Amino acid sequence: MPSAGAASPVYVSDVPGISEEMLSVDYWADRLASDRLRMGDRQIQAFNARNLARGEFLHDLQALGETMPGERVRELLDGVSSPASSARFYRDGREVREADYGRMQASVQRDRIPELVELQWGLVVERASMRSYPTRESIFKTPTDLDLDRLQETGVFPGQQVVLLHESADGEWWFALNYHYAAWLPKSAVAVGKRTQVEQWLAKVPRLVVTGAQVRTNFNPVDARTSERVLDMGVSLPLLSAAEVGHNVKGQNPFASHIVSLPVRDGAGRLAFEPTLIARSRDVATGYLEYRPSLVLEQAFKFLGERYGWGHDFNGRDCTGFVGEVYKSFGILMPRNSGQQGRSAFAPTQFFEPGEERKRRQALDSLNVGDLIYIPGHVMMYIGHADGEPYVIHDVTGLSYFNADNEFYRGTLSGVSVTPLEPLQLGRERSFVDSIYAIKTIQPVMP
């Protein structure tokens, strides 16, 4: 047993330019020159409405009719359910063959999509994965890199609206569309309801918003459908009053908890709602957070150290999942993938061409906290300067740089990390800074 007053272990890291104090949100919040409100509720609603209306990488589900042309459904399907252009491997090292892809292609029954698809509506009832094909099998780029399941697309969360377009050959999966993605979703994760039922629930106010990285609903010994459900940052659920539930929710007095209306599946998989408790001690808020720099930092640092999860795998998130969930806690919606975010016009953007080093350097000197920095396949969030150098927080796998002896060091991060931007390398020949192709400030695009 350590003696009282024993010295703390010396902090050691292979991440260049990092001290232990930099892992505290207060270190960066104290450097803020201004903490002004960047957008109010109405501005954020208009920001989202504009991007949804553009229809580039976001889908306005409320604007859909009751049917969708089969050609459009096949286009969405082909966007995810297609064989890879390079070799893939199963977990046991066996290469994925043409026959394996043939089996997966048969499971999507593309030829069964009618010329006019009648839309069905649903709400997600549990954290789940959207997949390239209707299967839980995993395939990988190499036999040794088992962290990135290449059939994993993204995650969905309780209360998220989905439009159901098609089903798998085995009847166990929906091909579903959410506000920024289309892929395969297990039917067990969705409750199917009437469109009016879904939209009325989505419109209910006031709402409780999850502001922690994750919270869980209270344990419920009576109904497993509402017991300890995982709710990720940005999940929004309607609030109920104690009077509405008779001061008793499945045997617990709700006075020390928030009461929310949680979507669940009935015995036939249809949509129902159950009063559910979330303890007041959990990291939640009534309504979305105010969009200001200090809170952007606070929200981002709530994920610090979380394990990287490609497409929301490993009960975590990837680089775009990370920034997307942070901004979702303010009510701001974003495209799903880094290329879609970086190359689209959903927010004010500075674009950079190869060779524009001076322009990049000038941009890095005038960043705003919360700005998103894009390199091929990755996005980072700017958090401030220290000793004249820009620092970022990002959900990242690798770590490469030239050390003090000019030797190329290759390590790993595989989690939400604070790093300096300048030293990091994509490879021996190219730095992160030289690879920046876009920087975005999340505020309205001026007309």
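Provided above is the structure to which this section pertains.
This text gives an overview of the structure that appears in the document. (Residues numbered from 1 in each chain as written. Predicted model: local features only at pLDDT ≥ 70, side-chain atom pairs only at ≥ 80, totals over all residues. Heavy atoms only, no water.)

## Some thoughts on the nonpolar core
Note that soluble globular proteins tend to have their nonpolar side chains buried in a common cluster.
At step 1: In this structure, W28, Y327 and I442 are the most contacted members of the largest nonpolar core, which totals 60 residues.
At step 2: No other element matches the six residues that strand β19 (residues 378-386) contributes to this core.
At step 3: Those residues within four positions of Y327 in sequence are excluded, and the remaining contacts are Y291, V296, I332, M334, G370, L372, M381 and I442.
At step 4: If you look at the next biggest cluster of nonpolar residues, it comprises 57 residues, including V117, I139, F175 and V192. (Core = buried A, V, L, I, M, F, W, Y, C linked by side-chain atoms within 4.5 Å. Buried < 20%, exposed > 50% of the residue type's maximum accessible area, 1.4 Å probe, protein only. Helix = DSSP H or I, 4+ residues; strand = E, 2+ residues; numbered from the N terminus. Contact = heavy atoms within 4.5 Å.)

## Some points on the environment of A347
At step 1: Looking at the element boundaries, A347 is found in the loop between α9 (338-343) and β17 (349-351).
At step 2: For the pair formed by A347 and S107, sequence separation is 240 residues and the distance between their alpha carbons is 38 Å.
At step 3: Excluding residues within four positions of it along the chain, A347 makes contact with F47, K440, T441, I442, Q443 and V445.

## Concerning the environment of Y382
At step 1: In this structure, Y382 sits in strand β19.
At step 2: According to the relative accessible area criterion, Y382 is buried, its value standing at 6%.
At step 3: For the pair Y382 and S24, spaced 358 residues apart in sequence, the C-alpha to C-alpha distance is 15 Å.
At step 4: A polar side-chain atom of Y382 sits 2.6 Å from a polar atom in the side chain of H385. (Polar contact = N/O pair within 3.5 Å; in protein donor to acceptor, adjacent residues only side chain to side chain.)

## Remarks on helix α5 (residues 195-203)
At step 1: For α5, the full list of buried residues reads R195, V198 and W201. Projected down its long axis, α5 carries its buried residues within an arc of 140°, all on one side. Within α5, the exposed residues directed more than 90 degrees away from the buried face are Q200 and A203. (Arc of directions from axis to C-beta.)

## Observations concerning the pattern of salt bridges
Close approach of charged atoms lets side chains of opposite charge pair.
At step 1: In this structure the tally under the stated criterion is 26 salt bridges.
At step 2: R110 is paired through a salt bridge with D78; the nearest N and O atoms lie 2.8 Å apart. Placement of R110 in the loop between α4 (98-107) and β2 (116-118) and of D78 in helix α3 (residues 70-78) is noted, with a sequence separation of 32 residues between them.
At step 3: What emerges from the salt-bridge pattern is a single network uniting R127, D232, E306, R317 and E325. (Salt bridge = Lys/Arg side-chain N within 4 Å of Asp/Glu carboxyl O.)

## Concerning the sheet that holds strand β13 (residues 236-240)
At step 1: The antiparallel open sheet is built from five strands, whose spatial order is β15-β14-β13-β10-β16. Edge strands, defined here as strands with exactly one partner in the open sheet, are β15 (271-279) and β16 (284-286). Here the average twist between neighbouring strands, direction ignored, is 40°.
At step 2: In this sheet, strand β14 (residues 257-265) lies alongside β13 in antiparallel orientation, the contact comprising two bridges. When the bridges of β14 are listed, L240 appears paired with I259.
At step 3: The sheet contacts of α5 involve β10 (207-210), β13, β14 and β15, and relative to β15 the element is tilted by about 20°. (Pairing = 2+ DSSP bridges. Axes fitted to C-alpha atoms, helices over the stretch in contact; angles between N-to-C directions.)

The quantities given are spatial measurements derived from coordinates; they are silent on function.
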